[in-house]
Amino acid sequence: MDAPVTAPLEPLDPLANAIRFLAIDAIVRAGEGHQGVPLGMAEIATALYRDHLKFAACDPTWPDRDRVVLSNGHGSMLLYALLHLTGYERMGLEQLRSFREFGSRCEGHPEIDAASGIEVTTGPLGQGIANALGMAVAEAALNARFGSALVDHHTYAFVGDGCLQEGVGQEMLALAGHLRLGKLVLLWDDNRITDDGATELSISEDVAARVRVAGWHVQEVDGHDVEAVSAAIGAAKADPRPSFIACRTVIARGIARLQGQRGGHSGRLFAEDAQAARALLGWPHPAFEVPDDLLTTWRAMGRRHGPQRAAWKQTVAALPSAQRMEFERTLAGTPPENLRALLGRYKREALAREPLPSGIFISAELNELLAQAMPERLVACADLEAPIAHKRSLTAFTAEDRSGRYVHCGVREHVMGSMANGMAAHGGVVPLALTYLAFADYERPAMRMAALMRLPVKFVFSHDSIGIGRNGPTHQPVEILASLRAMPNMRVLRPADAVEAAECWEIAYAHRDGPSTLVFARQALPLVRSQHSEANLCRRGAYVLAEAEGGARRATLLATGSEVALALQARTQLQARGIATAVVSMPCWELFEAQDAGYRAEVLGVEGGVRVGCEAAVRFGWERWLGARGGFVGMAGFGASGPAETLYRHFGITAQAIVEQALGLLD
């Protein structure tokens, strides 16, 4: 470990020092921050932006720009300083001065803001490099579809030790190496320090060797030598494999009291530290001031690719009209015009098709129907091609064939979800991530980040309840629906039959302001809708599927997914007893909650009467719909191994149980 330094250091690149002192001044002013990354990686960033990065500060969302991900997001001042220095309009000096203040674009960790040059939200370590993988996959897929004249760019990620120590980091390294994504470059801040101290406290492996084994092109350089780093990036761009550049650095370089030490990560900086750093590095300029010659050089970097951007725009404008419109539609993320018609046809045909396949196979049929209409879809699946069946006519996306639209992720749910986020953040593709609902917890960090960033990822789950049967309680999710419904900005859709499945997919593909979770049963879903409707009845989240007959409504049965059929059976029994009973299907609570109070009251029935909810999951969350006189038929604990029909009877999830609940409440 390096000892504290008080003697002058050998001169460091003045362009890099501009990054250092903007970071130091912002952190001192805020009273907190993480100086280790911006001070340790300043030369690495300088080499990338000075010599390699393709971007235009005047147009932060230029589709063919190189992508930059700050995976070690705690070092956010590195990114903010770079955006300011290169001339991003929305990252003026006033933003840096307000670092970590409420309302500032310079938040504690980068929060997605493409217009300001921030590609993704990072902070939970490992998520950023997995997002970068998704961006590289999206670029490769779009390049195969539209050609290099329209899509040809790299993805770079600044990476810390924590990103590589998290399990998702190893998943990412393995999959990216297997896919040979040659336009993906990781720049590792190899400072051998973590928050606890030296990395030798917790690891003894040769990290570079681990990455080599995964099939990467690996180089090891002095991270404070701008020319050496630049040469390594050049070599990385020329290699067909993904590249990993191990940059040996000193954490918090320039802060004599902290550099090379544990405190260099985020130990508090004081005005005295800033003064000492100015003396140590020969930087006589006041706080937040960058000399004109250096600022001019940095701003020139932000303008360097202006002619290339203009030529690209001319290329797009010169495309044949149909090709240009399809390219622009794809980049905008707009669903094809015939989407609703295709799904509407499926709805009509489904009404005459009983018996229908399992819930997840219905979803597979719907997505096969869209294979030609939506070539922008990229389906990622965690080694479940047969039981989930969403590949069908799709071919695999491989190292040899980038035109494939099905990504075999192996048993790697965590990176699959994070990769899907990167695809969505990149734009131009519509990512689907598929696995069993019981494994949603492996994806949860990615799902939370998708919700936080409002990315239009489609998380698709099968095997949604005890209805999977003999696989037993490890594979029978009972609590996961409730936990996903608790996540802000996440829409959870659980359709009851083939008609609702088509409507839920229409809702999901139209939703571009956040992620959607689509949950399907393993078992067959009988039709609960008997008449065709051109309208999407699921679009309001819940609707009256069967009205009460024979007088004012006395009971309302609420259900989702496979349990809607049970509610209909219970209604038949209650109506036979002279009890006017309605059935409400609730495929999406979030959409229903967004409706006006009048509609909710009309659906739920507020004038007297009782309500009974039914779902093969725990009760948590149902209280908001059941009211004061409400009952629930569902799970109170984990499941068991056995045939689905046996388990439904054993746990009391039956039409008779619903009837008994309703009768008991009416007494």
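Report on the accompanying structure.

The rules we used
Residues numbered from 1 in each chain as written. Predicted model: local features only at pLDDT ≥ 70, side-chain atom pairs only at ≥ 80, totals over all residues. Heavy atoms only, no water. Pairing = 2+ DSSP bridges. Helix = DSSP H or I, 4+ residues; strand = E, 2+ residues; numbered from the N terminus. Axes fitted to C-alpha atoms, helices over the stretch in contact; angles between N-to-C directions. Contact = heavy atoms within 4.5 Å. Phe/Tyr/Trp six-rings, centres within 6.5 Å; stacked < 30°, edge-to-face > 60°. Buried < 20%, exposed > 50% of the residue type's maximum accessible area, 1.4 Å probe, protein only. Lys NZ or Arg CZ within 6 Å of the ring centre and 35° of its normal.

Attention now moves to the sheet that holds strand β15 (residues 555-559). Across the sheet, which stays open at both edges, the five strands sit in the order β14-β16-β15-β17-β18 with mixed pairing between neighbours. If you trace the sheet from one side to the other, it starts and ends with β14 (543-546) and β18 (630-635), each paired once. Going from strand to strand, the sheet's axes swing by 30 degrees on average, the running direction of each strand aside. This element, helix α24 (residues 597-604), spans β14, β15, β16 (581-585) and β17 (610-618) of the sheet and lies at about 20 degrees to β14. Across the face of the sheet, helix α27 (residues 655-666) comes into contact with β15, β17 and β18 while running at roughly 145 degrees to β17.

A separate point is the sheet that holds strand β1 (residues 67-70). By definition, the strands of a sheet pair up through backbone hydrogen bonds, in either a parallel or an antiparallel sense. Spatial strand order, β1-β2-β3-β7-β6: five strands in an open sheet with parallel pairing. One side of each edge strand has no neighbouring strand; the edge strands of this open sheet are β1 and β6 (217-222). Taken pair by pair, the neighbouring strands of this sheet meet at an average axis angle of 15 degrees, ignoring direction. Bridging between strand β3 (residues 184-190) and strand β7 (residues 243-248) involves six bridges; their strand directions are parallel. From the neighbouring strand, aspartate 190 faces β7, where its bridge partner is arginine 248. Helix α3 (residues 42-51) rests against β1, β2 (155-159), β3 and β7 of the sheet, and its axis sits at about 170 degrees to β2. Lying over the sheet, helix α10 (residues 226-238) contacts β2, β3, β6 and β7, oriented at roughly 170 degrees with respect to β6.

Our focus in this paragraph is the packing of aromatic side chains. How two aromatic rings sit relative to each other is set out by the distance from centre to centre and by the angle between their planes. Counted by the stated rule, this structure contains 16 aromatic pairs. Ring centres of tryptophan 62 and tryptophan 312 lie 6.5 Å apart, and the angle between their planes is 70 degrees; on these two criteria the pair is classed as edge-to-face. Residue tryptophan 62 is found in the loop between α3 and β1, and its partner tryptophan 312 is found in helix α13 (residues 306-317); the two are separated by 250 residues along the sequence. By relative accessible area, tryptophan 62 is classed as buried at 1%. When the ring of tryptophan 589 is compared with that of tryptophan 622, the centres are 4.9 Å apart and the planes differ by 85 degrees; the resulting orientation is edge-to-face. In this pair, tryptophan 589 sits in helix α23 (residues 589-593) while tryptophan 622 sits in the loop between β17 and α25 (623-626), placing the two residues 33 residues apart along the sequence. Three or more aromatic residues link up through ring pairs in this structure, and these residues are Trp589, Phe592, Tyr599, Trp622, Trp625 and Phe632. It is arginine 392 that lies over the ring of phenylalanine 361; its NZ or CZ is 5.9 Å from the centre. Between the NZ or CZ atom of arginine 485 and the centre of the ring of tryptophan 589, over which it lies, the distance is 3.8 Å.

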